[in-house]
Amino acid sequence: MIKIRNPPMPTMIPSRPPAILPGSTIGILGSGQLGRMLALAARSLGYRVHIFSPETGAPAASVADKDYVAAYHDLEAIRTFANAVDVVTFEFENVCSQATSTAAEHVPVRPSGGVLTLTQNRLREKTFLQNQGFPVTPFRAISSLEDLRKAAVDLGLPGVMKTADFGYDGKGQFKLSKEAELAPAWRSISEAPAIYERFVPFAKELSVVGARMVDGHFEAFPVFENTHARHILDISVAPAGIDPSVERDALNLAGKILDALDVVGVLTVEMFLTSDNQILINELAPRVHNSGHLTIDACVTSQFEQQIRAVCGLPLGSTTLLRPAAMSNLLGDLWDNGEPDWSAALEDPVVKLHLYGKREPRPGRKMGHLTATGSTSSEAVRRVIEARERLSGLATKNHG
Ligand code: AMP
């Protein structure tokens, strides 16, 4: 007699959806410089790129295969856009949640609309991080002048009041040092929901750009050290001048945050480092980041290529930094006395120029960036600053 036995149960392997392969089409919400560099990375991997934003002639438009110009809340347009692509990602996080949920009815949206919604609002983001046990700057929710007064007593002055929605590059943000400043500041944000944070006399500002796959695999770039001018990022450098244990802690923290949010794609964690080496999370950006631009010229894989790999389910690339590098932003102010002297900046052969194709150089507008490499971080910073000074004729030749 033949005995039929049940076949052994197969071992469970975490499922990984099939990769979205080169030749497919990537949809990007947003069309600024991040979208432009993302599109360039996608194209060099052999993808087609469609972009969607309300702006015409934006930086990403000239490098995309197709440019949809419509409001983010135009859900019919979002549907048409989503139907023509294989995956949707974004370079701009202030896209309404209906847009991402509508797109998600047709194609994967990575990172998910849930991550986007959480990080769009400082109060939601900080509350989530705090509830998960991550170290954040002490804060209070503000919905009235009374709340603000109470928060200033609880957490002390100076402090920083920030609108809960739509804040970036210091917009909607006030440093408050005296009780008398509270009422005018509250009025100036039109009594919009806000948070009040203790002012952190940080030793350094750091950021970690991390990428996570559908199956949870995580890779981060080395920690970047950032300096700001007028609330806008000015210089980023890697390696950061921090203890190896701080570097490890910062990278671990970022990995845990991407896990907690179940991010598929790239997310950036902005941090403060206090003088006693404590890390406090300032803000999350669910995308590539200005501080990661130096990865284009100094890492095996750029942050832009990494986002494309992560959202398409291709293996992540090496994040190794090949040489110390520094990035300096080029703002519209550089055009005050006419076209900057590009040749002068490029006299130093380790300097690389990236311009975003923006026609109108307004003060404070990010028009491009420079990257310089060096044998040390401080040499890279010196060379990139000197190159920027040469743009407006402020410096003389001094390479090497
Ligand atoms: P944010 O828009 O939150 O990224 O803030 C922009 C910049 O303002 C940060 O990069 C810091 O330089 C500064 N800043 C924000 N919050 C604080 C704080 N609580 N304490 C000290 N500086 C802050």
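As the structure is a prediction and not an experimental result, all values here were calculated from the model.

### Observations regarding the sheet that holds strand β6 (residues 159-163)
Okay, so step 1: Taken together, the four strands give an open sheet; going across it, the order is β5-β8-β6-β7, and neighbouring strands pair in antiparallel fashion. Among the strands making up the open sheet, the edge pair consists of β5 (139-142) and β7 (173-176). Sheet twist, expressed as the mean angle between neighbouring strand axes with direction ignored, is 20 degrees.
Okay, so step 2: The strands that helix α5 (residues 122-131) touches are β5, β6, β7 and β8 (194-198); relative to β5, the one it contacts most, it runs at about 140 degrees.
Okay, so step 3: Contacts from helix α6 (residues 145-155) reach β5, β6, β7 and β8 within the one sheet, and its direction differs from that of β5 by about 170 degrees.

### Brief notes about the environment of methionine 327
Okay, so step 1: Of note, methionine 327 is situated in strand β15 (residues 325-331).
Okay, so step 2: Sequence separation between methionine 327 and threonine 373 is 46 residues; the distance between their C-alpha atoms is 8.9 Å.
Okay, so step 3: Aside from chain neighbours lying at most four places away, what touches methionine 327 is Leu233, Asp234, Ile235, Ser236, Asn290, His293, Leu294, His369, Leu370, Thr371 and Val384.

### A word on the nonpolar core
Okay, so step 1: Membership of the largest hydrophobic core comes to 40 residues, with the highest contact counts inside it found for Ile26, Tyr47, Leu294 and Cys312.
Okay, so step 2: Considering every element that reaches this core, the biggest residue donor is helix α1 (residues 33-44), with six residues.
Okay, so step 3: A domain split of this core shows at least three residues from each of domain 1 (25-109) and domain 3 (204-399).
Okay, so step 4: The contact partners of isoleucine 26, leaving out residues within four places of it in the chain, are Ala42, Tyr47, Arg48, Val49, His50, Val85, Val87, Thr89, Ile308 and Cys312.

Cut-off values and rules
- All chains use their own residue numbering, which begins from 1 and follows the written sequence.
- Selection of residues for local features in this predicted model requires a pLDDT of at least 70, selection of side-chain atom pairs for listing and counting requires 80 or more, and totals for whole chains, interfaces and linings are taken over all residues.
- In computing side-chain properties, one takes all heavy atoms of the structure into account and sets aside hydrogens as well as water.
- In this analysis, strands are considered paired if DSSP registers two or more bridges between them.
- For helices the rule is a DSSP run of H or I covering at least 4 residues; for strands it is a run of E covering at least 2, with both sets numbered from the N terminus onward.
- Fitted lines through C-alpha atoms serve as axes, helices being fitted only where they are in contact, and the angles separating the N-to-C directions of these axes extend from 0 to 180 degrees.
- It only takes one pair of heavy atoms within 4.5 Å for two residues to be counted as in contact.
- In these notes, a set of buried Ala, Val, Leu, Ile, Met, Phe, Trp, Tyr and Cys residues joined through side-chain atoms within 4.5 Å is what counts as a nonpolar core.
- Accessibility here uses a 1.4 Å probe with only protein chains present; expressed as a share of the type maximum, an area under 20% marks a residue as buried, one over 50% as exposed, and anything in between as partly exposed.
- For each domain, the first and last residues come from an automatic or database assignment.

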